[in-house]
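# Chain and residue survey
Here are the chains, one letter per residue:
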Amino acid sequence: MYTQSLSIPDGEVKGPRKLENPEYLAEFNAKIDAGDFIEAKDWMPEAYRKTLVRQISQHAHSEIVGMLPEGNWITRAPSLKRKAILLAKVQDEGGHGLYLYAAAETLGVSRDELTEALLSGKAKYSSIFNYPTLNWADIGVIGWLVDGAAIMNQIPLCKCSYGPYARAMIRVCKEESFHQRQGYDLLLQMMKGTEEQREMVQDAVNRWWLPSIMMFGPHDKDSIHTETARWGIKRISNDDLRQKFVDATVKQAEVLGISLPDPLLKWNAERGHYDFSPIDWDEFWNVVGGHGQCNVDRLAARNKAWAEGAWVREAAIVHAEKQAAREKVAA
Amino acid sequence: MERKEWPLWEIFIRSRNGLDHKHCGSVHAPDARMALQVARDVYTRRMEGVSIWAVRASDIVASDPDAKAELFDPAEDKIYRHPTFYQLPEEVNHM
């Protein structure tokens, strides 16, 4: 998973500062215009670096927090097969978080600083994880819609101008397809079940549809970071991606046999796209701003895990130091 | 106690015998053994490798990207090092 359009200001990020230099800037812009990649130690404008740290770390945080709503269902998966699949998916999300933290660290921030920013609530993560997972069908719908939306968002990032981020995203995207397909497969299975199971699927779709299309972020006209396009970080706009997602999803909903909860959803032959209802952005900003249903729980769970793992992190480093000292004496 | 961050390791994976190890990312780990363990879990969940190298990031010596021009300049004007420099008669040009 799981970026939404993460152009949401966090606090300041620290790191090495380099002098702004018009000659270097011209060279940098020429590289971007030529479609070249920028690598970790290359000169870059401070604003580019900061934007990347913010975007990559918010993305990493989203992967890590994203393990919580699904992890919640591992012990309640209805079969051993579904349990194994869900475990693998949740493990992937952890892996994606780690690829991305590593990419962010190439920009001169430390892992601890990034973790701190998440735990203190200073850093943002995808609003989607502040919604609860109420029934088993939610797990399928998250795979299908939430991972589906994330894939739409993430594929263009595989070509983003910052090399370490682009490479991490290639790795992530290769694994995402499994996430979406296992979700859809789970739902297909439920649709073949009882009337009650079909209702569970419809109920989950009803709850996740709007949050999913909100994952693409604010409308282009309200987007605050247009320089991300100039810099080749964001190559396709929020609204274009959202439209692409809606267009692709309608058919999938039909095959599944559920309806998407939008009375205005309709094919527009003139545009060659589906029209859909206006989005309530107040809810989006409310959830991003920390007032969603689960924000408090999610951060509490991350803080608890971090605090309870402290002794392991300390013991491991003390052990490593002791071993190194012993080897030195023996040598 | 002020906690130290686990050191950073750069990870290189050989995807199958016959190919080079290739850089794939980095991990934090307290020592070499754990670096390999963590790298296995992070970078080879789908049989992506048959061998892992972990190198402490602080032990890597890298050339300076700002000195790229001077460093690689000596090779720039030696086009005679490439086979295409030599124009041979058509009959033997596939040599």
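Residues numbered from 1 in each chain as written. Chains lettered and ligands numbered in written order. Predicted model: local features only at pLDDT ≥ 70, side-chain atom pairs only at ≥ 80, totals over all residues. Heavy atoms only, no water.

Secondary structure summary: chain B contains two helices and three strands in total. Along the chain direction, N to C, the helices and strands of chain B fall in the order β-β-α-β-α. In terms of C-alpha radius of gyration, chain B reaches 21 Å, well past the compact-globule figure of 12 Å for 95 residues. When the 95 residues of chain B are sorted by exposure, 24% land in the buried category. (Helix = DSSP H or I, 4+ residues; strand = E, 2+ residues; numbered from the N terminus. Rg over C-alpha atoms; globule rule 2.2 N^0.38 Å. Buried < 20%, exposed > 50% of the residue type's maximum accessible area, 1.4 Å probe, protein only.)

A few words on the state of the cysteines. Residues and elements named next belong to chain A. If you walk through the whole model with that rule in mind, you get zero disulfides over all chains. In this structure C160 is not part of a disulfide, and its nearest cysteine sulfur, from C158, lies 8.8 Å away. Since its relative accessible area comes to 0%, C160 is described here as buried. (Disulfide = S-S within 2.5 Å.)

Residue and element names in this part refer to chain A. Scanning all chains against the criterion turns up 15 aromatic pairs over all chains. Taking 6.2 Å as the distance between ring centres and 55° as the angle between the ring planes, the aromatic pair formed by W73 and W136 counts as tilted. Linking W73 in the loop between α2 (46-71) and α3 (80-105) with W136 in helix α5 (residues 136-154), this pair joins segments that are 63 residues apart in sequence. The exposure class assigned to W73 is buried, which follows from its relative accessible area of 9%. Ring pairing ties together the aromatic residues Y24, F28, W43, Y48 and W231, which thus form one cluster. Sitting over the ring of W73, R76 keeps its end group 4.5 Å from the ring centre. Above the ring of Y99, the side-chain terminus of R171 is found at 5.8 Å from the ring centroid. (Phe/Tyr/Trp six-rings, centres within 6.5 Å; stacked < 30°, edge-to-face > 60°. Lys NZ or Arg CZ within 6 Å of the ring centre and 35° of its normal.)

On to the interface of chain B and chain A. Between chain B and chain A, the residue contacts involve 21 residues of the former and 27 residues of the latter. For the pairing of chain B and chain A, the buried interface totals around 2,100 Å² over both sides, and the portion due to carbon and sulfur atoms is 51%. Seen at the junction of chain B and chain A, the total is five salt bridges. Where A:E321 meets B:K4, a salt bridge forms, and the shortest distance between an N and an O atom there is 2.5 Å. Counting only elements with at least two residues in the side of chain B that touches chain A, the list comes to β2 (21-28) and α1 (32-43) of chain B. For the side of chain B that touches chain A, the per-class residue count stands at nine nonpolar, two polar and 10 charged. (Contact = heavy atoms within 4.5 Å. Buried area = accessible area lost by both parts, 1.4 Å probe. Salt bridge = Lys/Arg side-chain N within 4 Å of Asp/Glu carboxyl O. Nonpolar A, V, L, I, M, F, W, Y, C, P; charged D, E, K, R; others polar.)

What follows covers the sheet that holds strand β1 (residues 8-14) of chain B. Residues and elements named next belong to chain B. Across the sheet, which stays open at both edges, the three strands sit in the order β2-β1-β3 with antiparallel pairing between neighbours. Edge positions in the sheet fall to β2 and β3 (51-56), since each of these pairs with one other strand and no more. Across the sheet, the mean angle separating the axes of adjacent strands is 30° when strand polarity is ignored. Against the sheet, α1 contacts β1, β2 and β3, and its axis sits at roughly 110° relative to β2. (Pairing = 2+ DSSP bridges. Axes fitted to C-alpha atoms, helices over the stretch in contact; angles between N-to-C directions.)

Turning next to unusual backbone geometry. Among all residues except glycine, the phi angle is most often negative; among peptide bonds, the trans geometry is most common. Residues and elements named next belong to chain B. Even without glycine at this site, M47 takes up a positive phi of about 60°. Summarising the element assignment, M47 is placed in the loop between α1 and β3. For M47, a relative accessible area of 76% gives the class exposed.

Here we take up the environment of A:K122. In this fold, A:K122 is placed in the loop between α4 (111-119) and α5. For the pair A:K122 and A:K174, spaced 52 residues apart in the sequence, the C-alpha separation amounts to 30 Å.

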